[in-house]
Amino acid sequence: GLPPLVDLMLTQNERLQEHAVVAIRNLSVNEQNEVDIVAEGALAPIINLLRVPNEDLQEHAAGALANLSTNPMNKIRIVNDGALGPLIALLRSPDELVVEQAVMCMRNLSASPENRARIVAEGALPRLTSLLRSPVDKIQEAAAGAIRNLSGENEDSVAGEGG
């Protein structure tokens, strides 16, 4: 199961890391697995993979977090465990697949009222606003969804971004 996959994400071998994070990403589409993956300590290794200079690892790690962030409890835990900074940084990636996964995760995280102020405070709004001009429809849609979610409690901040 999960513990060996978590361990593989911690190795220095990027191929093993990629296989492990893709497996976690695939498993994370199941509701019970979403809970189990977090309970087995996978969040920290996944968040660490957001920071590596390998776009495939970044994409799959952000994709795993996007899947995991559909669970209400995971939304808060992902933010509390430090994913916002790396995710916001990935919104500037030149790789559209990385940006797509990161912005979908941001949309999911912003659905939680507990996360909204932190997302704004960490500076996500300017980048989300700029992604409204992306040539990729999925990126535009997810950015618009995140901004919609954030506008519920941060009207002044959102209106001030103008873009």
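Further up the page is the structure itself.
Residues numbered from 1 in each chain as written. Predicted model: local features only at pLDDT ≥ 70, side-chain atom pairs only at ≥ 80, totals over all residues. Heavy atoms only, no water.

## Some thoughts on the overall build of the protein chain
Inference 1: A tally of regular secondary structure across the protein chain gives 12 helices and 0 strands.
Inference 2: Here the protein chain has a C-alpha radius of gyration of 15 Å; the compact-globule value for 163 residues is 15 Å, and the two agree.
Inference 3: The principal-axis extents of the C-alpha atoms in the protein chain amount to approximately 45 × 30 × 25 Å.
Inference 4: Here the protein chain holds 163 residues, and the buried ones make up 51% of them.
Inference 5: A fraction of 66% describes how many contacts in the protein chain between residues 6 or more apart in sequence connect residues 24 or more apart.
Inference 6: Element-wise, carbon and sulfur atoms account for 51% of the exposed surface of the protein chain, whose accessible area totals about 7,600 Å². (Helix = DSSP H or I, 4+ residues; strand = E, 2+ residues; numbered from the N terminus. Rg over C-alpha atoms; globule rule 2.2 N^0.38 Å. Buried < 20%, exposed > 50% of the residue type's maximum accessible area, 1.4 Å probe, protein only. Contact = heavy atoms within 4.5 Å. Areas by Shrake-Rupley, 256 points an atom, 1.4 Å probe, with all protein chains shown as cover.)

## Thoughts on the environment of Q17
Inference 1: Mapped onto the secondary structure, Q17 falls in helix α2 (residues 14-27).
Inference 2: Measuring from C-alpha to C-alpha, the distance between Q17 and V52 comes to 11 Å, with 35 residues separating the pair along the chain.
Inference 3: Filtering out sequence-adjacent residues up to four positions away, Q17 remains in contact with L8, M9, T11, L49 and L57.

## Re the side chain of R25
Inference 1: As for its placement among the helices and strands, R25 is situated in helix α2.
Inference 2: Residue class for R25 comes out buried when judged on its relative accessible area of 16%.
Inference 3: Residues within four places of R25 in sequence aside, it is in contact with E59, H60, G63, A64, N67 and Q101.

## Regarding helix α1 (residues 2-9)
Inference 1: Taken together, the buried positions of α1 are L2, L5, V6 and M9. Down the axis, α1 shows its buried residues gathered within 100 degrees of arc, on one side only.
Inference 2: Turning to α1, the residues buried within the fold contact α2, α3 (31-39) and α4 (43-49). (Arc of directions from axis to C-beta.)

## Comments concerning the packing of helix α6 (residues 72-80) against helix α9 (residues 113-121)
The relative placement of two packed helices comes down to the angle between their axes together with the axis-to-axis distance.
Inference 1: Contact geometry for α6 and α9: axes closest at 9 Å, N-to-C directions at 30 degrees. Put simply, α6 runs roughly parallel to α9. The chirality of how α6 crosses α9 is left-handed. In this structure, α6 contributes K75, I76, V79 and N80 to the contact, and α9 contributes E114, N115 and R118.
Inference 2: When its residues are assigned to classes, the contact of α6 with α9 shows 2 nonpolar, 2 polar and 3 charged. (Axes fitted to C-alpha atoms, helices over the stretch in contact; angles between N-to-C directions. Parallel < 35°, antiparallel > 145°, perpendicular 65-115°, else oblique. Left-handed = near helix turned anticlockwise from the far one by under 90°. Nonpolar A, V, L, I, M, F, W, Y, C, P; charged D, E, K, R; others polar.)

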